[in-house]
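These are the residues of each chain, in order.
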Amino acid sequence: MSELERVAPTEWRIPKSGSMRVPGHLFADEETIAQLEADEAGRTEWSALRQVRNVASLPGIVSASLALPDVHPGYGFPIGGVGAFDLDEGVAVVGGVGFDINCGVRMLATPLDRDEIDGRIEALGAELYRTVPAGLGSKGKLRLSIAEIDEVLREGAAYVVGRGYGEAEDLAFIEEGGCVGGADPKTVSNLAKQRQFGQVGTLGSGNHYLEVQVVEETLDPVAARVYGLAEGQVVVSIHTGSRALGHQIGQDYLKEMARASEKYGIPIPEREMVCAPIRSPEGQRYLGAVACGANCAFANRQVLAHLVRAAFARICGIAEGAIWTIYDIGHNNAKVEEHTVAGEVRSLLVHRKGSTRAFGPGRPESPEAYRAVGHPTFVGGTMGTASYVLRGTETGMVRTFGSGIHGAGRALSRKKAAKRFWGEDVISELAAAGIRVWAHSKRGIAEEAPGAYKNVERVVEAAVSSGINRAVARLRPLAVLKG
Amino acid sequence: MAGVPQPEDRTPEGVTYLDHTADVGVRVVGRNADEAFVRAAAAVFARMVDLDRVAPSAEHPVSICSDALDGLLVDWLGALLAEKDVSGLVFGRFEVQIAETADGYRLDGVAWGEPIDVSRHRIGVEVKGISYLGLAVRRERSGETCAEFVLDV
C-alpha cells in the first residue's frame, strides 16, 4: 500500500503501486486527508483512498485517478472522484456514475431582493410545501405512459417544456441543453420506467432539497454579473436527480456489467466497480442508459422549476416568466469530452461521481452568454449554512479535466445524527436564525441537521486555493423544503 | 423536547442499524436465512414507515433466483422497493422461504401492506436501493444467519 505524498498545501499524490495503472491525485485539505487516512486504517471497504486506488487500476484510465476537496467514501468511485478513460482502451464504470444518475442542481434567479420577500417567506414556504411533491409517497403532477416516458428519456427537459412546463429559453442554460445525446430508451428496463411513472417532477428525500436563498456576497463580481447574480437577490436552488429510474438503471446494470467484466476478463476490485469496454455492446448499452437517466433528471428539475415559478407567481405576484434559469448542472455522470493531454487533444469518457463539470473560459459547451467566464457550478451547503456558486479555471481544465466540487459530505452517520438531533429542535433553531424549514419527515430533518455535515467553507477554500475552481458568490438559505 | 416518536425508535426485532457516514448500515440476525431475509425487509421498511401502522390489506408475492445468498438478498429487497414505487404500497409484514437449487437459491416470499398514507404511517426517509458495498450473508457459529447491507437513502 503506497503512502500519500504531499505535493502542495492542498494537493496529495498516491504513487503508482500494485495494480494501479496511474497515480492518484487528491485535492484536499489536511483535515480531510486525516479523515481519509483514519478510514483506511479501519481496514474496511469504506475507504476513499482505497477507492482512488481502485479507480487507478481500471483499464484505459488517463493521467490519474482524481479526487476533489469534497472527497469521501462512496460506492465504487469515491464521492468527489473523477476518472477519464480512453475511448478505445478504457471502460464505462457503473460505480463511476452511481445510482442517482445526473443528480444535480437547478438554480433559478428571481427579480426580487431580500426586502421584497421578507414578509412573504412564510406564505411562500407553505405554498412550496403544498405544491412541490417531496418525500416518501409523493406523486408527480405529470402522469406519463411508457411511450411518454420514452420521450422524456430521449428528449430530456425539452419534452416537458413542450408539455407546458417552463420556458424554451431555459434549455440554453441547462448543461447539454437539457438533453444528453445517445439516449436509447430500449436500454432501460420497463421496471425502471414503471417506477418513474409517478415520480417525474418530484423532489425525493434524504439530501435532496429545494431552497429559497439570498445572494449574500458576490466574490467574483465580473462572473456574478455575467450570470445575472447580484447581492441581496433572491434565488432558488433545486437539488434532485433521476429518482427511481436512475436507481433501477444502476441496479440493472450492476448485474449486466458484472457479466461483462467477467466476459472481458477485467479484474474488479469491488462489486460496484463492474464495467465494460466503452466500445463494447455492453458499454454502449450502459452509456445509452446513462444518457436516458440524465435526461430524466433534467426533465425532473425542469418540472420542479415550473412549480417554483408558479408558487412565486401566486405568493409574490410576479410573472412566471420573470424567473429565469441561471444554470442546471449534474454531479453524477459519465460523458465523452475533448481534453488536451500531454499536448494532444483527445476524446475521453470522463466519469464524475459527486463532482460537476467545471469548464473554464472559452469552452463551447458553456452557454454563449457565459462562455467568456465559463459556466457556473453549484456547491450545496446544509440547511443552516452557506451554499456557493463557483466556476472552473484553466488550471482545473489541465489538472482535473475541468471538474468541480459539489458539496461537503457528512460528518456524522444518520444514526448518530438522529440520536443527537431532534427534528423539531433543528427546525426551531433554524427559525431563530431566520431560516424556515418545511419537511415531510421530521426524522429526515434530524438526519440532515447542519451539524451532521462537514464544513462547506473548508471544502470551497481548498478548491479555490488549489486553483481548480473559483468562488463566484455565497448564498444563504431563507426557506428550505425537504422530503 | 417531547414529541411523536420517530420510526427509528421502533427498531424491528433482530435488526441493528449501524453507523455509516453517508447512508444506513444494517445488520440482521435470524435463526435461519428465511428469518434473516424477513427481518431484512422489516429493517428496510422500518426506515420509511412505522411498521405497526401498516395494515396487511394487500399482498405482493415475490419469486426470484440467484446464484448466491447475498445477491438473493439484494434482489428480494430490490423487488420490494420497486413495488413500492410502482404500486405505491408500503409493507409491514413479510414471509420468506429459501430453497437451494442446482444453480444457487430460490426465494418465494410474500409482503403484505397497503397504500402509503403520510398522515398515518409516520414517514421517515425514503430508501432508494441496496448497495453491494459491505454486503454479506453468512452463517454464524451459533447456526444463526447474519446479513449485513447498506441502504442507499
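In case you missed it, the structure is sitting above this.
Quick caveat: nothing in here was measured; it's all calculated off a predicted structure. Counting restarts for each chain, with residues numbered from 1 along the sequence as it is written. Here every chain gets a letter starting at A, and every ligand a number starting at 1, in the order they are written. Per-residue local features of the predicted model are confined to residues with pLDDT of at least 70, and side-chain atom pairs are confined, for both listing and counting, to 80 or more; whole-chain, interface and lining totals are unaffected and use all residues.

Caption draft 1: Structural context of the overall build of chain A. Strands are runs of DSSP state E lasting at least 2 residues, helices are runs of H or I lasting at least 4, and numbering of each runs from the N terminus. In terms of regular secondary structure, chain A is built from 15 helices and 19 strands. In terms of overall dimensions, chain A is globule-like: its C-alpha atoms have a radius of gyration of 21 Å, near the 23 Å expected for 483 residues. With C-beta atoms placed from the backbone, a residue counts as buried when 20 or more other C-beta atoms lie within 10 Å of its own, as exposed when 12 or fewer do, and as partly exposed for counts between those limits. Every one of the 483 residues in chain A was classed for burial, and the buried ones make up 62%. Throughout, a pair of residues is in contact if the C-beta atoms placed from their backbones lie within 7 Å. Across chain A, every contact between residues at least 6 apart in sequence was considered, and the portion connecting residues at least 24 apart equals 76%. Computation of the radius of gyration draws on C-alpha atoms, with the globule rule given as 2.2 Å multiplied by the number of residues to the power 0.38.

Caption draft 2: Seen up close, the nonpolar core. Here a nonpolar core is just a set of buried residues of the types Ala, Val, Leu, Ile, Met, Phe, Trp, Tyr and Cys, joined wherever their C-beta atoms sit within 7 Å. Ranked by internal contacts, the top residues of the largest apolar core, which has 208 residues, are Phe37, Ala41 and Leu73 of chain B. The residues contacting Leu73 of chain B, other than those within four sequence positions of it, are Phe37, Ala40, Val137, Ala147 and Phe149 of chain B.

Caption draft 3: Up close: the sheet that holds strand S4 (residues 89-101) of chain B. All names here are of chain B. Spatially, the three strands line up as an open sheet ordered S3-S5-S4, and their pairing is antiparallel. The sheet is open, and its two borders are formed by strand S3 (58-66) and S4, each paired with just one other strand. The mean inter-strand angle of the sheet, taken between neighbouring strand axes irrespective of direction, is 15°. Taken strand by strand, helix H1 (residues 33-46) contacts S4 and strand S5 (104-115), and its axis lies near 155° from that of S4. Two strands are counted as paired when DSSP detects at least two bridges linking them. Axis definition: a line fitted to C-alpha atoms, over the contacting stretch in the case of helices. Angles run 0 to 180 degrees between N-to-C directions.

Caption draft 4: How the structure looks around the sheet that holds strand S5 (residues 79-86) of chain A. All names here are of chain A. With mixed pairing, seven strands are arranged side by side in an open sheet as S1-S2-S3-S4-S5-S13-S12. Single-partner strands in this sheet number two, and they are strand S1 (5-8) and strand S12 (332-341). Across this sheet, the average inter-strand angle for adjacent strands is 25°, counted without regard to direction. Relative to strand S13 (residues 344-353), S12 runs antiparallel, the two being bridged by ten bridges. Residue Glu338 lies in a different strand from S13, and its bridge partner there is Ser347. Each of strand S3 (24-27) and strand S4 (65-72) touches helix H15 (residues 456-465); the most contacted strand, S4, lies at about 145° to it.

Caption draft 5: Structural view of the interface of chain B and chain A. Taken together, the 30 residues of chain B in the interface contact 39 residues of chain A. For the side of chain B that touches chain A, the secondary structure elements donating two or more residues are helix H2 (69-87) and strand S6 (129-139) of chain B. The leading source of residues in the side of chain B that touches chain A is S6 of chain B, at five residues. Residue type decides the class: Asp, Glu, Lys and Arg count as charged, Ala, Val, Leu, Ile, Met, Phe, Trp, Tyr, Cys and Pro as nonpolar, and the leftover types, Gly among them, as polar. Residues of the side of chain B that touches chain A, tallied by class, amount to 15 nonpolar, nine polar and six charged.

Caption draft 6: Summary view of unusual backbone geometry. All names here are of chain A. In this model, Asn102 sits at a positive phi of 55°, which is unusual for a non-glycine residue. As for its position among the elements, Asn102 is in the loop between strand S6 (91-93) and strand S7 (104-113). According to the C-beta neighbour criterion, Asn102 is buried, with 31 such atoms within 10 Å.

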